[in-house]
Each structure stands twice: as structure tokens, then as C-alpha cells.
Amino acid sequence: MNRTEIEEGAAWGRRLFRKPEPAASERKLSSAERVAAWLAQNREAEAKSTQTRSAVEQTRRDLNTPGSAFTVGAERYAADGSRWQRVA
């Protein structure tokens, strides 16, 4: 298959499904542009869903509190429901 056959197939599909012809040739983004767009989207999502300062401070307090769930030897439930013991 060459480019003209691909373009003819695309034109046939547009006619079959009654889609409008593209106004201008659609330029595909380069990989650098795709990565930049992806990074920008991730930065926006991270900015929206950041942890509150109090949650971070509470976790820091729990790390230093004897008997908390974060101490070595404490048992926790995993996502599958099994129990595991903290070893480090």
C-alpha cells in the first residue's frame, strides 16, 4: 500500500459514513509535542489533587509515633485483603 491508496481509502470511508472532508491537511504532532502536552496535562492534574499540608504533617507525626501502623512489625492490610508485616 502506498500513500495514495491510503488517502483514497480514507476518502471512501468519509463518503460511506457521510463525514465532511477535512478542511486542511491534518498535521500530526511530533513526539516532543505529544510529550510536552502530556506533561502539561499531568501538571494540571497534580496541581488539582495535591495533598493538604495537614495530611502530610499527620503522616510525618505517625512515622515517629511509637505503636503507630508505620512502625516496624506493625501489620497492615493489603489491597487484596491479605495481611503483611512491615519489616523496614
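Worth saying up front: this structure is predicted, and the values here are computed from it rather than measured.

Asker: Help me out: how do you make sense of the overall build of the protein in this one?
Answerer: Across its full length, the protein holds three helices and two strands. Secondary structure elements of the protein occur, N-terminal to C-terminal, as α-α-α-β-β. The proportion of buried residues among the 88 residues of the protein is 5%. Across the protein, the fraction of contacts at a sequence separation of at least 24, relative to all contacts at a separation of at least 6, is 0%. Accessible surface computed for the protein: about 8300 Å², of which carbon and sulfur atoms make up 54%.

Asker: What should I look at first to understand helix α1 (residues 3-16) in this one?
Answerer: Each turn of an α-helix holds 3.6 residues, which means side chains three or four residues apart point in the same direction. With 14 residues, α1 should reach 20 Å at 1.5 Å per residue; the first-to-last C-alpha distance of 20 Å fits that figure. Downstream of α1 by a residue or two, R18 has a phi angle that is positive, lying close to 55°.

Asker: Mind showing me how you'd approach the pattern of salt bridges here?
Answerer: Should the charged atoms of two oppositely charged side chains come close, the side chains can pair. Following the criterion strictly, the structure yields two salt bridges and no others. Here E21 ties to R14 by a salt bridge, and the two come within 3.1 Å at their closest N and O atoms. Its salt-bridge partner being R27, residue E33 comes within 3.2 Å of it at the nearest N-O pair.

Asker: Would you mind showing me how to read unusual backbone geometry here?
Answerer: For residues other than glycine, phi is negative in most cases, and the peptide bonds are mostly trans. Backbone geometry places R18, a non-glycine residue, at a positive phi of 55°. Within the secondary structure layout, R18 lies in the loop between α1 and α2 (31-48). The class for R18 is exposed, based on a relative accessible area of 77%.

Asker: I tried to follow a nonpolar patch on the surface on my own but got confused; where do I start?
Answerer: A cluster of nonpolar side chains, contributed by W12, L16 and F17, occupies part of the molecular surface with about 390 Å² of accessible area. With respect to the helices, strands and loops of the structure, W12 is situated in helix α1. Residue W12 is classed as exposed on the basis of its relative accessible area of 52%.

Here is what the cut-offs are and how they apply
Residues numbered from 1 in each chain as written. Predicted model: local features only at pLDDT ≥ 70, side-chain atom pairs only at ≥ 80, totals over all residues. Heavy atoms only, no water. Helix = DSSP H or I, 4+ residues; strand = E, 2+ residues; numbered from the N terminus. Buried < 20%, exposed > 50% of the residue type's maximum accessible area, 1.4 Å probe, protein only. Contact = heavy atoms within 4.5 Å. Areas by Shrake-Rupley, 256 points an atom, 1.4 Å probe, with all protein chains shown as cover. Expected span 1.5 Å × (residues − 1). Salt bridge = Lys/Arg side-chain N within 4 Å of Asp/Glu carboxyl O. Patch = residues over 30% accessible without salt bridge, like charges linked within 9 Å, V, L, I, M, F, W, Y side chains within 5 Å.

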